[in-house]
Amino acid sequence: FLTYLKLSFSVIVLFSSFLILRGFNIGLTGTEKLSDQMHLSSIYWANNGIIKDLWFSGQENPYYFYGYWMYGSIMRTFRIDPILCYSLILATTMAMSALVSWSSSVQLIKYSGLKFKYVKLIAVLSPLTLLFITNYSILWEILNILKFGQPIISDFININGLNENSGLSGSGWRSTRIINYFSNNIQYDYTIQEYPSFSFHLGDLHPHFISIPYVIIFL
């Protein structure tokens, strides 16, 4: 029971802190926030399972609706103003992601049989990585430049093109979604970088963000 109270307190603190942080930055500018708000609103006001695309004259919208439906239907059931839904869902997903990543790490460490004295404390690295660091690809890029330990690691992982040295140019984050386009044989990477931590920082309510706690539970 004491453990339950500690977890509940931690979740409430995380939720409240993030909600306050996002609540003072309600502008839907940049990245895909406008699109995300449209999808959420479409779900919120949908009737009889017919989801309208509010951007295209009321045509049906089959795009990305399931994640928004999970949250939007709850918000509508409790009659929460859709103006508040966006920030509430951001904070809820953040708190759930932190809790699930931490608890999963605790269980994995215990299951592995490693005799760590401070298992729960060490497991804090998991939500910290997810929320603030997210991906170690940039460290791999640095190793590429320094040529440190590459043959052994690359042979073990065996991913085609992994050792190609990007020199940290352009995006430098090749493990995320990059949609390149070329102009005069010059490559431009002006699309979104879908590391979860970027979404937490920027306040994107994109499907890859909404699914984080559920995917971790599934894995």
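Rules used in this analysis
- Residues numbered from 1 in each chain as written.
- Predicted model: local features only at pLDDT ≥ 70, side-chain atom pairs only at ≥ 80, totals over all residues.
- Heavy atoms only, no water.
- Helix = DSSP H or I, 4+ residues; strand = E, 2+ residues; numbered from the N terminus.
- Buried < 20%, exposed > 50% of the residue type's maximum accessible area, 1.4 Å probe, protein only.
- Contact = heavy atoms within 4.5 Å.
- Areas by Shrake-Rupley, 256 points an atom, 1.4 Å probe, with all protein chains shown as cover.
- Polar contact = N/O pair within 3.5 Å; in protein donor to acceptor, adjacent residues only side chain to side chain.
- Axes fitted to C-alpha atoms, helices over the stretch in contact; angles between N-to-C directions.
- Parallel < 35°, antiparallel > 145°, perpendicular 65-115°, else oblique.
- Left-handed = near helix turned anticlockwise from the far one by under 90°.
- pLDDT = per-residue confidence, 0-100.
- Expected span 1.5 Å × (residues − 1).
- Core = buried A, V, L, I, M, F, W, Y, C linked by side-chain atoms within 4.5 Å.
- Phe/Tyr/Trp six-rings, centres within 6.5 Å; stacked < 30°, edge-to-face > 60°.

Caption draft 1: Fine view of the overall build of the protein chain. Within the protein chain, the regular secondary structure consists of 11 helices and two strands. Ordering the α and β elements of the protein chain from the N terminus gives α-α-α-α-α-α-α-α-β-β-α-α-α. Taking all 219 residues of the protein chain together, the buried fraction comes to 35%. When contacts within the protein chain are restricted to residue pairs at least 6 apart in sequence, long-range pairs at least 24 apart make up 57% of them. Of the roughly 14,400 Å² of accessible surface on the protein chain, a fraction of 67% belongs to carbon and sulfur atoms.

Caption draft 2: View of the side chain of Ser101. Relative to the elements of secondary structure, Ser101 occurs in helix H4 (residues 82-112). Within the local environment of Ser101, its side chain forms a polar contact with the backbone oxygen of Ser97, the two atoms lying 2.8 Å apart. Beyond its immediate chain neighbours, meaning those up to four positions away, Ser101 contacts Ser126, Pro127, Leu130 and Ile216.

Caption draft 3: View of the environment of Asn61. With respect to the helices and strands, Asn61 occurs in the loop between helix H2 (33-44) and helix H3 (65-77). For Asn61, a relative accessible area of 5% puts it in the buried group. For the pair Asn61 and Ser42, spaced 19 residues apart in sequence, the C-alpha to C-alpha distance is 8.2 Å. Those residues in contact with Asn61 that sit more than four places away from it in its chain are Met38, His39, Ser42, Ile51, Lys52 and Asp53.

Caption draft 4: Molecular detail of the packing of H2 against H3. Where H2 contacts H3, the two axes come as close as 8 Å, and the packing angle between them is 55°. Relative to H3, the element H2 lies oblique. The two elements H2 and H3 meet at a crossing, and its hand is right-handed. On H3, the residues touching Asp36, His39, Leu40, Ile43 and Tyr44 of H2 are Phe65, Tyr68, Trp69, Gly72, Ser73, Met75 and Arg76.

Caption draft 5: Structural context of the confidence of the model for the protein chain. For the protein chain, per-residue confidence averages 75 on the pLDDT scale, and residues scoring 70 or more make up 68% of the total. This model gives residues 167-173 a pLDDT under 50, and the stretch forms 16 contacts once residues within four places in sequence are excluded.

Caption draft 6: Summary view of unusual backbone geometry. In this structure, Arg79 takes a positive phi of about 55° despite not being glycine. Structurally, the position occupied by Arg79 is in the loop between H3 and H4. When its relative accessible area of 74% is taken as the criterion, Arg79 is described as exposed.

Caption draft 7: Local environment of H2. With 12 residues, H2 extends 16 Å between its outermost C-alpha atoms, agreeing within 8% with the 16 Å of an ideal straight helix rising 1.5 Å per residue. Within H2, 11 of the 12 residues are buried, which leaves the element mostly enclosed by the surrounding structure. What H2 keeps buried is the set Lys33, Ser35, Asp36, Gln37, Met38, His39, Leu40, Ser41, Ser42, Ile43 and Tyr44. In the core, the buried residues of H2 are packed alongside helix H1 (2-23), H3, H4 and helix H9 (196-202).

Caption draft 8: Broad picture of the nonpolar core. In terms of nonpolar packing, the biggest core is built from 24 residues, with Leu40, Ile89, Phe200, Leu205 and Phe209 touching the most fellow members. For this core, the secondary-structure elements that each account for two or more residues are H2, H3, H4, helix H6 (125-133) and helix H10 (207-210). Looking at this core, the element that brings in the most residues is H4, giving eight residues. Leaving out residues up to four positions away in the same chain, Phe200 has contacts with Phe18, Met94, Ser97, Leu130, Leu131, Phe209 and Ile212. Membership of the second largest hydrophobic core comes to five residues, among which are Trp102, Val106, Val119 and Ala123.

Caption draft 9: How the structure looks around the packing of aromatic side chains. All chains considered together, the criterion is met by two aromatic pairs. A ring pair is formed by Tyr44 and Trp45, whose centres lie 4.9 Å apart and whose planes are at 75°; its orientation type is edge-to-face. Residue Tyr44 is classed as buried on the basis of its relative accessible area, which comes to 6%. For Trp45, a relative accessible area of 55% puts it in the exposed group.

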